[in-house]
Amino acid sequence: MSKISAEHLCRDAIVYIRQSTSYQVANNLESQRRQYSLADRARRLGWSDVQIVDDDLGRSGAGTARPGFEKFLAAICEGRVGAVVSLEASRLARNGRDWHTLLEFCGLVGTLIVDEDGIYDPRSINDRLLLGMKGTMSEMELSVFRQRSLEALKQKARRGELLLTVAVGYVKAEDGRIEKDPDRRIQDSIALVFRKFAELQSIRQVLLWFREEQVVVPAVVHGHGKQTTEWKAPVYYTLHHVLTNPVYAGAFVFGRRGTRVLIEGGRKRVVRDSIRRN
């Protein structure tokens, strides 16, 4: 409490709320309640003007674009913020660039950082050291989680049991295996795609034939945690995916596609590699 001065209280307190994924936003409601309740803590500490910034719900704190973070960072630079309140350091940032930028600006304009553990003044060398360690540990924690998850995926893939999605024409059985969809219409439609390709020897010609004959094909639709099948007029990508998917040949593959990290506007953007690997 001794770190909070009248100068801090005459400015705004910003409560920063973030969850990393849309799944967490939809299901981890208790975390949301804890974060929103921080506004009451800010008022108990003496702030009358408390703003809630929740633009980054469903966004990772690992360096991707975050409009909420940019908003309150701009407010800090303008000298309008007396304190930034969050549940823990990892809510503010999980990469060194954003974390140390935040500390630098807070130190320059005298903005406090408040979490559940305490109140920190980035102008104090001891608090700056502690905050730096919190940020480093948060960044390392995220890297460990990613590495652990990736190794678990690879181990499951080696056993041929990693089924992230199920191709149209197949369903996942209770024991985790995939089986042919019992719907004969779906089976006949997939078989027709292969027969016409064997006859015409061109995906484009197969597409034109389906369009001319007004034949629809099944398509997998994901939503609300469920997978359903809808019948639609085919497009080139749909037919190409069916004809090149190894599952229709009875094979399991993993790792043909990867991710690349691009730097755009000084921030990283993770994109799924469209180039197939051998």
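You'll find the structure just up there.
Residues numbered from 1 in each chain as written. Predicted model: local features only at pLDDT ≥ 70, side-chain atom pairs only at ≥ 80, totals over all residues. Heavy atoms only, no water.

Secondary structure assignment for the chain yields 11 helices and 11 strands. A globule of 278 residues ought to have a C-alpha radius of gyration of about 19 Å, yet the chain, at 26 Å, is considerably larger. Dimensions of the chain, computed from C-alpha atoms along their principal axes, come out at roughly 80 × 40 × 35 Å. Expressed as a percentage of contacts within the chain between residues at least 6 apart in sequence, the contacts between residues at least 24 apart total 58%. Accessible area of the chain: about 16,500 Å², with a carbon and sulfur share of 52%. The positive charge centre, built from 44 side chains, and the negative charge centre, built from 34, are 5 Å apart in the chain. (Helix = DSSP H or I, 4+ residues; strand = E, 2+ residues; numbered from the N terminus. Rg over C-alpha atoms; globule rule 2.2 N^0.38 Å. Contact = heavy atoms within 4.5 Å. Areas by Shrake-Rupley, 256 points an atom, 1.4 Å probe, with all protein chains shown as cover. Lys, Arg positive; Asp, Glu negative; His and termini not counted. Charge placed at Lys NZ, Arg CZ, Asp CG, Glu CD.)

The next subject is the pairing of strand S3 (residues 81–85). Of all five residues making up S3, five are buried, and the element is well covered by its neighbours. Pairing of strand S1 (residues 12–19) with S3 involves four bridges; the strand directions are parallel. Across the sheet, the residue bridging to Val 15 is Val 85, located in S3. Bridge count for S3 against strand S4 (residues 112–114) is three bridges, and the pairing is parallel. By the bridge assignment, Val 84 is partnered in S4 with Ile 113. (Buried < 20%, exposed > 50% of the residue type's maximum accessible area, 1.4 Å probe, protein only. Pairing = 2+ DSSP bridges.)

It is worth spelling out the packing of aromatic side chains at this point. A full pass over the atoms with the stated rule returns five aromatic pairs. Ring-pair connections join several aromatic residues into one group, and the members of that group are Tyr 16, Phe 69 and Phe 72. The positively charged end of Arg 66 is found above the aromatic ring belonging to Phe 69, 4.3 Å away from the centroid. (Phe/Tyr/Trp six-rings, centres within 6.5 Å; stacked < 30°, edge-to-face > 60°. Lys NZ or Arg CZ within 6 Å of the ring centre and 35° of its normal.)

Of all the positions in helix H11 (residues 236–244), only Leu 239, Val 242 and Leu 243 are classed as buried. Buried residues in H11, looked at end-on, bunch into an arc of 95°, giving them a common side. Looking at the packing, one finds that the buried side of H11 touches helix H9 (184–200) and helix H10 (203–213). (Arc of directions from axis to C-beta.)

Bear in mind that shape data such as this cannot, by itself, settle questions of function.
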